Amino acid sequence: MGKGHSQLRPTFCNNAEAILAGAMISADHRSRASAKLSRNTRLGPIAMLFGQGRQYLLAWSEYQDDLRLFALAGFERVSLVPEVYERPKGFDLQEWLSESFGVWREEPLDVVWRFLPDVADEASGYLFHPKQLTERMGDGSLIVRFRAGGRQEMEWYLVRWGDQVEAQFLQISENSSSDTTESDVCGQ
């Protein structure tokens, strides 16, 4: 069972305070994937990200020496540490986020979605990705193109459009004589 809102409040408040103060935190965090509890994890919080039903802390992990996402619901304890944390030089949160769909981080793919004419007008009102390009086709369909990681989240998102969307995910393939591999997810 997940934490209730009253249990998440101290986690949220302590993380927000650390972000605003530019302070390190020490935390006990339970991984959602393995349920393993990491104690006294030292993190440099950068931002809290709120997706559809999921909330994460983007932080520099001292142990991993890299940026990582931590599910807010996984925090069992968060304490501010009296040490300053400075973001990596040149770090741009918007640029970092533009490489993913939602908050999922993985190797970016070239994404092509074709919304059929019956839903093209509705789909044209959505900003699916900050760097998307759209093109209205002669048959009334809408093509949306962008480059991002997070294929599983994209597939979950596209389910709401049912058979009214066709999706292609293109990636560089080192084992292929062509430059791309392709797979259809929705539609036909």
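Analysis parameters
- Residues numbered from 1 in each chain as written.
- Predicted model: local features only at pLDDT ≥ 70, side-chain atom pairs only at ≥ 80, totals over all residues.
- Heavy atoms only, no water.
- 1 Å grid on protein atoms, 1.4 Å probe; cavity = no way out; pocket = protein on both sides within 12 Å on 5 of 7 lines; lining within 4 Å.
- Points joined across faces, edges and corners; volume = space filled by probe spheres on them.
- Helix = DSSP H or I, 4+ residues; strand = E, 2+ residues; numbered from the N terminus.
- Nonpolar A, V, L, I, M, F, W, Y, C, P; charged D, E, K, R; others polar.
- Phe/Tyr/Trp six-rings, centres within 6.5 Å; stacked < 30°, edge-to-face > 60°.
- Buried < 20%, exposed > 50% of the residue type's maximum accessible area, 1.4 Å probe, protein only.
- Lys NZ or Arg CZ within 6 Å of the ring centre and 35° of its normal.
- Core = buried A, V, L, I, M, F, W, Y, C linked by side-chain atoms within 4.5 Å.
- Contact = heavy atoms within 4.5 Å.
- Pairing = 2+ DSSP bridges.
- Axes fitted to C-alpha atoms, helices over the stretch in contact; angles between N-to-C directions.

Participant: Could you give me a rundown of the layout of surface pockets, with the residues and numbers involved?
Facilitator: For the largest pocket, the calculated volume is near 770 Å³. Along the walls of the largest pocket sit 24 residues, with H29, S31, R32, L69 and F70 positioned nearest its centre. At the level of secondary structure, the elements contributing two or more residues to the lining of the largest pocket comprise β2 (37-50), β3 (55-61) and β4 (66-71). If you tally residues by element for the lining of the largest pocket, the top one is β4, at five residues. Partitioned by chemical class, the residues of the lining of the largest pocket number 11 nonpolar, seven polar and six charged. Taken as a whole, the second largest pocket spans an internal volume of roughly 540 Å³. Lining the second largest pocket are 21 residues; nearest its centre among them are F101, G102, V103, F128 and E153. Per-class residue counts for the lining of the second largest pocket are 11 nonpolar, seven polar and three charged.

Participant: Which residues make up the packing of aromatic side chains, and what are the values?
Facilitator: Following the criterion strictly, the structure yields 15 aromatic pairs and no others. For the ring pair W113 and F128, a centre distance of 5.4 Å and an interplane angle of 80° mean the geometry is edge-to-face. On the criterion of sequence distance, the pair formed by W113 in strand β6 (residues 109-115) and F128 in the loop between α3 (117-123) and β7 (133-136) is long-range, its members being 15 residues apart. Here W113 and F128 have matching classes, each one buried. An angle of 80° between the planes, with centres 6.0 Å apart, marks the rings of F128 and Y157 as edge-to-face. Here the residue F128 occupies a position in the loop between α3 and β7, and Y157 occupies one in helix α4 (residues 151-158), the gap between them amounting to 29 residues. Judged by its relative accessible area of 8%, F128 is buried. Counting every residue linked through ring pairs, the aromatic cluster contains F101, W113, F115, Y126, F128, F146, Y157 and W161. Sitting over the face of the ring of W161, R160 holds its NZ or CZ atom 4.7 Å from the ring centroid.

Participant: Can you tell me about the nonpolar core, naming the residues and giving the values?
Facilitator: In terms of nonpolar packing, the biggest core is built from 20 residues, with W113, F115, F128, F146, M154 and W161 touching the most fellow members. The set of elements that each furnish at least two residues to this core consists of β6, α3, β8 (142-148), α4 and β9 (165-172). Apart from residues lying up to four places away in sequence, F146 is in contact with F101, L109, D110, V111, W113, H129, K131, Q132 and M154. If you look at the next biggest cluster of nonpolar residues, it comprises 15 residues, including I46, L58, A71 and V81.

Participant: Mind laying out the sheet that holds β3, listing which residues take part and the relevant values?
Facilitator: With antiparallel pairing, the five strands of this open sheet are ordered in space as β4-β3-β2-β1-β5. In this open sheet, the two strands that pair with only one neighbour each are β4 and β5 (75-84). Ignoring which end each strand starts from, the neighbouring axes of this sheet average 45° apart. Sheet topology places strand β1 (residues 23-30) next to β5; seven bridges connect them, and they run antiparallel. Within the sheet, the bridge partner assigned to S26 lies in β5 and is S79.

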